[in-house]
Every structure is written in structure tokens, then in C-alpha cells.
Amino acid sequence: MGFVHGYLLAGLAMVALPVLFHLLMKQKPKRIKFPAIRFLLQKQNKNQRRMNIQHWLLLLLRMLVVALICLALSRPRITMGDFSFGRDQQIAAIMIFDSTPSMDYKIGDKSRLDEARFQASKFLDEISPDSKIAVLDLAASLENAKPAAQEWLPGRRQVEQKLAELKTHPAGTTLASQVNYAYRLLQTLGEGEGVPPKFIFIFSDRTAQSWNGMEGGGVVIPKDVSTVFIDVGEDNPAELAIEKMTVEPAVVEPGGSINVRMFLRSTGIDHKALISCSIENLPADMKIADKKSYLCPKGVATEALFELPVPKLENLEAGPQYFQVVAKLASTDAWEANDKRYATFQVRPKPGVLILAEDTKKPRIIRAALDALGSFKSETRVLQGVPKLDDLSSFKTVVLFQVNKLDPAVLQKLLAYVKAGGGLAVVPAPGMNLESYGTAEAKELLPITYTSFERISSGKQGYWLGGFDSANALTAPFKDWIASADPDFNRPELRPFVLGRWKVKPSEDSSILASYIIDGALADAALIEKSFGSGKVVAFTTPLDGSKMEGNRFYNNYWQDSSFGLVLLDRTAKYLGGESRLPELQFLSGQPVVIQLPAPPLKTPLQLRGPGLSATESLINLGENRGPLVLRQAVEPGNYQLLDNKGKELSSFSLNIAAEECYLEKIAIEKVEELFGKGSVVPLGKDADLTERIRQNYKPPLELMPWLLLLLPFILTMESFAANKFYKKEPLPA
């Protein structure tokens, strides 16, 4: 039970007034002396008992009158009886429609969203046309929005129009943000007399993805709002989906191949899937496609793998070319949106790495490592006579590998190469000529000055490598891997160490990327970087040819004990060549699409091609923007291409719905009722009547004030009757 005006219950204190008046005005019997005192005393005692009963009964009736008046004014309410959503019943209702992609799941020829729209329209026919109605979906988050009065639609025609415009949004927000906004909007109506009953109707399929964010205190429910969760989902869905898809590698050379890996999820029953996988953006006379069949047991992810050849392309000097993959199920089912997946990959020649050495034997280990990695195309040139160095700009990375004496002409070429944006790695030889590395030109190029070479004595522990800079793209992954991935080179017996190394003096404009650990503390620099705009120089301090220092002792264990040498070389080559991060080509719907634009000049306006774009959204004017391009208009799943105004392809990318959307199993009703209350879930089966289901579940408060006011005249009548009866004066004898 509750009270609308609970403060008026303080008036119950006036119940004591009749008692007070009774005590103050109580009549005392007169004392009369009479001879036959014995008989009179008996009569007096009998009358006194009868009068006491009459007095208390009359007192209780008067107290009850005061109590009834106070209770009636405080308007007590109890929950009992069904609520009548009749044409004369005005309510304030906010209808929230789950518009996540799974609401496109069809039952017969009607989707879940269609069913929700139909049931809402039918329900509106049975309530007062004067009701306040608002319609929300999950298109845009209202979590931090201020409740707006214009959310209340002025009439039934506007409500029907809003319902007709509802559609699923692959890039929508969470149900929790909209529910919280709806509660805030209802609170603007106030409380008390004249405020219609407040309702929130949530139309959803009760999948785990739709319920995301609703638990854990994400939703706060006011006491005066009734929330009804209308479940329009199928109890036993039968569906086959391509849950997710990847293309490896994301960057491939012409004439290579890609592996398209996807996972198929079967819901409800076992499925036999026929999948086609093809490459788009091919020349008209070329077709690359394949088909495969898979048996997909229900409830598990079945892996499907395709290997597709990449066309041999020429004239890629102007930039990479993009191709896009489409995988789809041969047969359609109840939900078509998850029958397709999209991916984009880039085709370009392998970046070149030029190794400059005094002979071809010393760099054989790093040459073999680069070939094994498969990400680079290496070339070795011997620095004898007059080496060919005029084409350095055609290489992403140059490695100056254990050159004992640095020629001034070579130094000048390398300095110009780095200043033009190239990447240079310097690997020292154990006995190099310090004079040639100490010239003014060398100091301008190198991030360090080599001072002396140290050989650790036999039987002593070498210097561990550590102190990786977490802010640098080259060394940050090492710190992350050591912290979480447990690579082999993090094991105590396999940790990288050196027995022979150069002591160095870093320049003021250099950065230390890694250090040696000496006597348990970070000490001398081991890996140092110097930047020249977009150009970079990374200097090592230990030889990397895998040779032995003396006896069976190597200069370091980078190549012998673990994968550290291979990983370090790969990271360094990618970092210096601008390849430390692969291009981001795959995005989820709703995730910001960020494109790195080529260097200017660009021919604008740019054109964006893809599904669901209007003519205005397809044209992109950059203005002064020359940084990363953020494309918020791309939300529909599919393949997209970004072109300049001459139709030249600048970039491409793909969008897909989240894999979690493919999980169609429902969450337990108890989870919903734990938040919204017992009986708040209205499951809609075939031919269900929403209004009748709500009547069965919702018990509105019953106002007791009218009943108390009806009872009051009866009690007053009884009090008047009792007073007249008990205090009626007998006529005096004649």
C-alpha cells in the first residue's frame, strides 16, 4: 500500500481529541442519601457498567470518524484488479524499439521489427487518443541527452509515421542508454494529481546483444514507472550465419595468394552450408571464385577456409591496389544480413631492403631471416670501389651491416637518403674504424658515438637486454609481449643477452629504445634512434652476423636460443620502412572508419562508394584537413572504395556486423524480471494480443479514497444514532 499525500497522516493525531473531550466532559454522578441504600447501590453499579460500555463505543465511533477523514485525504492506494487500457484511459507511454540487426530475423514473411511495429499500432487503438506517446529506437545514443518536450508526439498520425520509419541500425547504440533517457523523460511530467500512469514499453527479441549494458547498475528505475518488456523473438530460431571472416595476409604481393578464413555458426538445428567466396574489383575478363560445402553442427562454430590466387599486376609504382572479398551462403534463410561477409586486402610489391656490407657472407643470416619472414625483398651490395647508391630511394630500408670503415661518399648518400624520409639501420662490426665513424658527417647521421668495444670475460654472465621503450612503435610490442603473451625469449634460460658490445655515447637529439641490464639495473644504451622528419636511423651496439667471439662463445644469443633475433629484425625493418602497422582495412559497423590519406596534393572532392550512401554522403570535401580522414557516414555492411575526383582509387575498406549479433539464443526471462519486476516480460507468440497480455501482467494501484468517503457517512450516522440512543432523556413522572 502507498499514499499519494502521506504527510496528511499526521492528522491521525487528532484521533486523541475525542478521548480528551471524553475525559474533560465526563459527568460525575450526584450523591443522594436514601434510606434504602442497599437496593440503590446495586442499581447504580449495574447502570455504571452499562454506561461505561456505551461511552467507549461512542468514543470509538468518534475516533473512527477522525481517522477516516485523515486516511481519505492522504489517498491510500493498493494494487488489486486488472488495469483497463480502454479508450477513456489516458496514459504516458514511451515505446522503445530494439533496432539491432537481429530484429530483421523473419518469422514467415514478417520480421521481428515488423511484428513489434504491428503490435504497437494495435495497442494504440485501444488506449485514449489523448495519451502522451513517444517513440525511440537505437539509432543514436541519448545517454547524455537532456529530455526534450518534442519527443512527445502531438497526435496519432505522427506516431504512426514514426513507427513506419523504424528500421534496423547496424551501428546503433545500446538499449540501456535509451531506457535511462526514457525514464528521465517521464520524470519531467511530475507526480501527483492529474499525471497519467507512466509506462515504458520495450520491444525486443531478448538476445544477449540487445541486453548488453542493462545489468550491473546500468539502468536506474523510478518507482512510479511501469516497465513492460515485449518479447518478439523466436523461442527456437533456426539460422545459419557467417559469424566472422578474416583475410591473411592483409597485404600481399602480385601473383601471391590469400587465405580467407571464416567461421559458420548454426543455431537451432544442424545445417549443411554451401559457401561461395570471390574477389571483387577484378578486370572484366578475370574471375577468381570458389565454392565449398560444410556440415555445421548446431551451437558450435565451424571453420571454413579458402585459398584464392591474387592477380599478377604491373605498374604499381603509383601506389598499392585494393581488392575486396565477398563470402556468402548459397541459400537464404530467416535472416539474410548475416549470410554475407566482406573483407579488403591490399596488393603491392614487397618492400625492398638494401643490405650494404663489405662482403656477401657476413649478412647471410639476416638475409635468410628476411627471406623467411616473407614480408620483404632483400638485396645485398658490396661496398667496394664505387658502389651503386643512386637508387636508394627505391628501398624502404637500408642496412649498413658491420662495415669496418665508413666511406665519406657513402656517408653523404646515406645522409641524403634519410633526410628524404628513408630508414637506416646501423649494425656495428666488432673491430670497426672509430675515426671514420667519428667525423662531423657521421655524427650528424648517427644517433650515437661508438667509444670502445667490451668483451665479457669467460665464465661471467652476459648483459641482459631490457628497458624497452613502451612509447615507440618499434619496441612497444616487446614490452607488451613480455607482459602478456609470454614469448619464448622471455623465459629465464632464453632471455636475450650479449657477451660482446660497443659502449656508446648517445647524441642529445637521440632516443634510447632499449638498454642493457648490468648488475640488476638498467645501464648503457643498447638500441638508439634518431629522427630526421619522417626519416629514421636506428643504431645497434652488438654484431648481428651470428659469428663467435672466441671459442664457442657468441657475441650474443639473438639467433641461437630463441626467436628474438628474427622478431627484432622484422620489427626494425617494418618500423624503418613505415610498415610497423598494417593498414586498417576491416571495420565493424558503428566503429569509426579512419583512413590514412596519401600525401598531397589530392584531387578533391573525394568520392566514397558503398552501400546505403546518399549523394551528399558520397562527396567528401577535405577543406584544410590533411590528417586522417574519419568517415562516419559508412555504417551499412559491405565493401567501400575511396576515390579522388578523377576516379583514382585512394583506399578501400570493408564493414561487417559484430559477430555477437549472430548469437540468437535468448537470455533468461529471470534476468529481465530481476531488473523490471515480476511479470514484466510479455512473450508474444503467434497471433498474440499485446493488450490482453499486458492486462494479465499489470496490476495498477486502486484508489481507496472514494471507498473511505462512502464509509464516512455511515460511521457518522452510527455515531449520531448511538449518541441519541445513549443520552436520550427519560420523561419525568407526572
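These numbers come from a predicted model, not from an experiment. (Residues numbered from 1 in each chain as written. Predicted model: local features only at pLDDT ≥ 70, side-chain atom pairs only at ≥ 80, totals over all residues. Heavy atoms only, no water.)

**Observations regarding the overall build of the protein**
Here's step 1: A count of helical and extended segments in the protein gives 14 helices and 38 strands.
Here's step 2: Every one of the 734 residues in the protein was classed for burial, and the buried ones make up 45%.
Here's step 3: Put simply, 75% of the contacts in the protein that link residues at least 6 apart link residues at least 24 apart.
Here's step 4: Carbon and sulfur atoms make up 54% of the accessible area of the protein, which totals about 38200 Å². (Helix = DSSP H or I, 4+ residues; strand = E, 2+ residues; numbered from the N terminus. Buried < 20%, exposed > 50% of the residue type's maximum accessible area, 1.4 Å probe, protein only. Contact = heavy atoms within 4.5 Å. Areas by Shrake-Rupley, 256 points an atom, 1.4 Å probe, with all protein chains shown as cover.)

**Describing the environment of N338**
Here's step 1: Relative to the assigned elements, N338 resides in the loop between β15 (321-329) and β16 (340-347).
Here's step 2: Spatially, the C-alpha atom of N338 lies 9.7 Å from that of P637, the residues being 299 residues apart in sequence.
Here's step 3: In contact with N338, other than residues within four places in its own chain, are E239, L240, A241, I242, I657 and C662.

**Focus on the pattern of salt bridges**
Close approach of charged atoms lets side chains of opposite charge pair.
Here's step 1: This model, assessed by the stated rule, comprises 23 salt bridges.
Here's step 2: When the shortest N-O distance is used, the salt bridge between E550 and R553 registers 2.9 Å.
Here's step 3: Take E550: its relative accessible area is 38%, and that puts it in the partly exposed class.
Here's step 4: Several salt bridges share partner residues, and in doing so they unite R206, D231, D235 and K666 into one network. (Salt bridge = Lys/Arg side-chain N within 4 Å of Asp/Glu carboxyl O.)

**A closer look at the nonpolar core**
Here's step 1: By size, the foremost hydrophobic cluster in this structure holds 75 residues, and its most contacted members are L400, L414, L424, L445 and Y450.
Here's step 2: Broken down by element, this core gets its largest block of residues, seven residues, from helix α10 (residues 564-576).
Here's step 3: In this structure, L424 is in contact with V398, L400, L414, V418, L445, K536, V537, V538 and L576, ignoring residues within four places of it in sequence. (Core = buried A, V, L, I, M, F, W, Y, C linked by side-chain atoms within 4.5 Å.)

**Examining unusual backbone geometry**
Glycine aside, the phi torsion of most residues is negative, and most peptide linkages are trans.
Here's step 1: Each neighbour pair has its own omega, and for E248 with P249 the value is -5°, a cis peptide bond.
Here's step 2: If you trace the backbone, P249 turns up in the loop between β9 (239-248) and β10 (251-252).
Here's step 3: Backbone geometry at R206 places phi at a positive 60°, although glycine is not the residue there.
Here's step 4: The residue R206 is located in the loop between β7 (198-204) and β8 (225-231) in this model.
Here's step 5: Classification of R206 as buried rests on a relative accessible area of 7%.
Here's step 6: Even without being glycine, D519 reaches a positive phi, approximately 55°.
Here's step 7: Here D519 shows up in the loop between β25 (510-518) and β26 (521-532).

**Some details on empty space enclosed by the protein**
Unoccupied space between atoms shows up once a probe the size of one water molecule is rolled over them.
Here's step 1: For the structure on display, the rule yields two cavities of 30 Å³ or more.
Here's step 2: Put simply, the largest cavity is a space of about 140 Å³.
Here's step 3: As for the largest cavity, its lining consists of 17 residues, and the residues nearest its centre are V427, F540, L544, L569 and T572.
Here's step 4: For the lining of the largest cavity, the secondary-structure elements that each account for two or more residues are β19 (397-401), β20 (423-427) and α10.
Here's step 5: Here the lining of the largest cavity gets six residues from one element, more than from any other, and that element is α10.
Here's step 6: When its residues are assigned to classes, the lining of the largest cavity shows 14 nonpolar, three polar and no charged.
Here's step 7: There is about 60 Å³ of room inside the second largest cavity.
Here's step 8: The wall of the second largest cavity is formed by L465, F468, A514, Y516, A526, L527, F540, T541, T542, Y558, F564 and L568.
Here's step 9: Of all the secondary-structure elements, those providing two or more residues to the lining of the second largest cavity are β25, β26 and α10.
Here's step 10: A per-class count over the lining of the second largest cavity returns ten nonpolar, two polar and no charged. (1 Å grid on protein atoms, 1.4 Å probe; cavity = no way out; pocket = protein on both sides within 12 Å on 5 of 7 lines; lining within 4 Å. Points joined across faces, edges and corners; volume = space filled by probe spheres on them. Nonpolar A, V, L, I, M, F, W, Y, C, P; charged D, E, K, R; others polar.)

**Points about the packing of aromatic side chains**
Here's step 1: The tally for this structure, following the rule as stated, stands at 20 aromatic pairs.
Here's step 2: Look at F478 and F489: their rings are 6.0 Å apart centre to centre, the planes differ by 50°, and that puts the pair in the tilted class. One end of the pair, F478, is in helix α9 (residues 476-485); the other, F489, is in the loop between α9 and β23 (497-498), and eleven residues separate them in sequence.
Here's step 3: Residue F478 is classed as buried on the basis of its relative accessible area of 0%.
Here's step 4: Within the aromatic cluster, the residues linked to one another by ring pairs are F468, F478, W481, F489, Y558 and F564.
Here's step 5: In this structure, K292 packs its charged tip against the face of F306, placed 5.1 Å from the ring centre.
Here's step 6: For K536, the ring lying beneath its charged end belongs to Y575, and the centroid distance is 5.4 Å. (Phe/Tyr/Trp six-rings, centres within 6.5 Å; stacked < 30°, edge-to-face > 60°. Lys NZ or Arg CZ within 6 Å of the ring centre and 35° of its normal.)

**With respect to the sheet that holds strand β6 (residues 132-136)**
Here's step 1: Taken in spatial order, the five strands make up an open sheet running β6-β3-β7-β8-β37, and their pairing is parallel. The open sheet terminates on both sides in strands that have one partner only, identified here as β6 and β37 (681-683). This sheet shows a mean twist of 20° between the axes of neighbouring strands, independent of strand direction.
Here's step 2: For β8 and β37, the ladder comprises three bridges, and the chain directions are parallel. When the bridges of β37 are listed, F229 appears paired with V681.
Here's step 3: Relative to the sheet, helix α3 (residues 112-124) contacts β3 (92-97), β6 and β7, its axis offset from that of β3 by approximately 170°.
Here's step 4: Contacting β3, β6, β7 and β8, helix α5 (residues 175-187) crosses the sheet at an angle of about 165° to β7. (Pairing = 2+ DSSP bridges. Axes fitted to C-alpha atoms, helices over the stretch in contact; angles between N-to-C directions.)

**Side note on the sheet that holds strand β13 (residues 289-296)**
For sheets, the rule is that strands pair by backbone hydrogen bonds, running either parallel or antiparallel.
Here's step 1: Read from one edge to the other, the open sheet built from five strands follows the order β10-β16-β15-β12-β13, with strand pairing classed as mixed. Each having just a single partner strand, β10 and β13 make up the two edges of the open sheet.
Here's step 2: Inspection of the sheet shows β10 paired to β16 by two bridges, in the parallel sense. In the strand pairing of β16, V251 is matched with Q346.

**Some remarks on a positive patch on the surface**
Here's step 1: Together, K287, K291, K328 and K340 make up a region of like positive charge exposed at the surface.
Here's step 2: Tracing the sequence through the fold places K340 in strand β16.
Here's step 3: K340 sits in the partly exposed class, given a relative accessible area of 37%. (Patch = residues over 30% accessible without salt bridge, like charges linked within 9 Å, V, L, I, M, F, W, Y side chains within 5 Å. Lys, Arg positive; Asp, Glu negative; His and termini not counted. Charge placed at Lys NZ, Arg CZ, Asp CG, Glu CD.)

**Here we look at the side chain of T302**
Here's step 1: With respect to the helices and strands, T302 occurs in strand β14 (residues 301-309).
Here's step 2: Owing to a relative accessible area of 12%, T302 belongs among the buried residues under this scheme.
Here's step 3: Those residues within four positions of T302 in sequence are excluded, and the remaining contacts are M262, F263, L264, L295, C296 and P297.

**A short note on helix α6 (residues 364-373)**
Here's step 1: Within α6 the residues assigned to the buried category are I366, A369 and L370. End-on view of α6: buried residues confined to an arc of 100°, all on one side of the axis. Of the exposed residues in α6, those oriented more than 90 degrees away from the buried face are R364, D371 and A372.
Here's step 2: With its phi angle positive at about 75°, G374 sits one or two positions after the end of α6. (Arc of directions from axis to C-beta.)

**Quick notes on the confidence of the model for the protein**
Here's step 1: Summarising the model, the protein shows a mean pLDDT of 85, and 85% of its residues fall at 70 or more.
Here's step 2: Confidence, expressed as mean pLDDT per element, reaches its minimum in the protein at strand β1 (residues 2-3) with 53 and its maximum at β20 with 96. (pLDDT = per-residue confidence, 0-100.)

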